[in-house]
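Report on the structure
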Amino acid sequence: TPPHTTAEAHLRRMADLLEEARQDLDGGGVPPKCLLPGLMRLIPCDAASFCELDIPTRRELNAQAICDEDEAEDDMDGYWTWRHQHTQCLQVCRPHDVPETTQMADFRSARELRSLPIYTEFLAPHPTIASVALPTAPNRTRVFQFFREDRKAFTDHEMTTLRMLAPHLYDLYKVAARRRRQPVRLTHRELDVLRCVAVGMSTAQIAEQLVVSPSTVRKHLENAFGRLGVSSR
């Protein structure tokens, strides 16, 4: 039935966006690529992105963006140099088990931000930023971001919309990632070693438990890490 109120119409648009994304789960994007343009229709902004970063290695693991071509060419040097001034980003990097929705105005005013190098070297011309940070591994970020050139903060209605959508965005991300991920095949011995790692055993303890040398344990770990696409325990 057609919606009777503005609130009902807005909820219908949110539901339609999520249904469109579910239909696009096999489209190859993680998250589904239709999400960013759909979210921009609900939350008007000048640019939007989804990005996953590994902080220790400074690697961009995954990225989608809708922005001007000039902005798309920006490199990350300014970000890594002045990241300590990006208080919203530091909050996003904090470990969390559920999606977290914030905006830059929660931490700094647009006037304060515009006086900092993180703005002039990286964020300009967008002093107003809202984000939905999804749970991820320690020292990584996995976040949707929405950028405005206007200094005016996102409204309570817009932030409530993002908070309501956040758990559904996380579910869509997880389903899309599972469908795209190739199965990882480990040997029985590699699995034995990883089970020992999972309960906190050291390399020497694993070697004693499995009656092998520590170098053999390290080799099994090296092989498993390569197949899993990770660099440490």
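Quick note: structure is the one above.
The text that follows walks through the structure, step by step, so that each part is easy to find. Numbering of residues starts from 1 in every chain and runs along the sequence as written. Given that this is a predicted model, residues contribute local features only at a pLDDT of at least 70 and side-chain atom pairs are listed and counted only at 80 or more, while totals for whole chains, interfaces and linings are drawn from all residues. To get the side-chain values, take all heavy atoms of the structure and skip hydrogens and water.

This brings us to the nonpolar core. Note on terminology: a nonpolar core comprises buried Ala, Val, Leu, Ile, Met, Phe, Trp, Tyr and Cys residues joined through side-chain atoms within 4.5 Å. Per-residue accessibility, obtained with a 1.4 Å probe over protein chains only, is compared with the maximum for each type, and a residue is labelled buried under 20%, exposed over 50%, and partly exposed between these values. One finds V132, F144, F146 and L165 to be the most contacted residues of the largest nonpolar core, which totals 32 residues. Elements with a contribution of two residues or more to this core: α1 (6-23), α2 (35-42), β1 (47-54), β4 (128-133), β5 (140-148) and α8 (156-180). Here, residues are in contact when the closest pair of their heavy atoms is within 4.5 Å. If we skip the residues at most four places from it in the chain, F144 touches P31, L35, L36, L39, S49, F50, A130, S131, V132, L134 and L169. Residues M201, A207, L210 and L221 belong to the second largest nonpolar core, which totals 10 residues. Counting from the N terminus, the helices are the DSSP runs of H or I reaching at least four residues and the strands are the DSSP runs of E reaching at least two.

This part is about the layout of surface pockets. As defined here, a cavity is a set of points on a 1 Å grid over the protein atoms alone where a 1.4 Å probe fits but cannot get out. A pocket is an open set with protein on both sides within 12 Å along at least five of seven lines, and residues line them when an atom is within 4 Å of a point. Grid points are joined across faces, edges and corners, and a volume is the space filled by probe spheres set on the points. Roughly 910 Å³ of volume is contained in the largest pocket. Of all the secondary structure elements, the ones that give two or more residues to the lining of the largest pocket are β1, β2 (59-66), β5, α8, α9 (188-198) and α11 (214-228). Classification convention: Asp, Glu, Lys, Arg as charged; Ala, Val, Leu, Ile, Met, Phe, Trp, Tyr, Cys, Pro as nonpolar; all other residues, Gly among them, as polar. Of the residues belonging to the lining of the largest pocket, the class tally is 13 nonpolar, 8 polar and 9 charged.

A ring pair, where both rings are aromatic, is described by two values, the distance of the centres and the angle of the planes. Planes of paired rings set the category: under 30 degrees apart is stacked, over 60 is edge-to-face and the rest tilted, where pairs are Phe, Tyr or Trp rings (Trp by its six-membered ring) whose centres lie within 6.5 Å. Tallied over the entire structure, the rule returns 4 aromatic pairs. On the basis of an interplanar angle of 50 degrees and a centroid distance of 5.5 Å, the ring pair of Y79 and F122 is categorised as tilted. Here F122 lies in helix α7 (residues 117-123) and Y79 lies in helix α4 (residues 77-82), a separation of 43 residues in the sequence. Given a relative accessible area of 21%, F122 falls into the partly exposed group. Put simply, the rings of F50, F144 and Y173 touch in pairs and so form one group of aromatic residues. Put simply, a charge is over a ring when the Lys NZ or the Arg CZ is close to the ring centre, within 6 Å, and near the line of the ring normal, within 35 degrees. A cation over a ring is seen here: K174 above Y170, with NZ or CZ 4.2 Å from the ring centre.

With that settled, consider the pairing of strand β3 (residues 100-103). Residues in a regular strand point their side chains to alternate faces of the sheet. Residues E100 and T102 of β3 are buried on one face, and the alternating residues T101 and Q103, pointing to the opposite face, are buried as well. At least two bridges found by DSSP between two strands are what make those strands a pair. Direction of pairing for β3 relative to β4: antiparallel, over a ladder of 4 bridges. Note that in β4 the partner of Q103 across the bridge is A130.

Here we take up the pattern of salt bridges. For this document, the term salt bridge refers to a Lys or Arg side-chain nitrogen within 4 Å of an Asp or Glu carboxyl oxygen. Taken as a whole and judged by the stated rule, the model has 12 salt bridges. In this structure, E20 and R41 form a salt bridge, with 3.5 Å as the shortest nitrogen-oxygen distance. Separated by 21 residues along the polypeptide, E20 in helix α1 and R41 in helix α2 bring together distant segments of the chain. Exposure remark for E20: the relative accessible area of 36% places this residue in the partly exposed category. A salt bridge links E52 to R142; its shortest N-O distance comes to 2.8 Å. Highlighted residues: E52 in strand β1 and R142 in strand β5, separated in sequence by 90 residues. With respect to burial, E52 and R142 carry one shared label: buried. Through salt bridges with shared partners, a single ionic network connects R189, D192 and R195.

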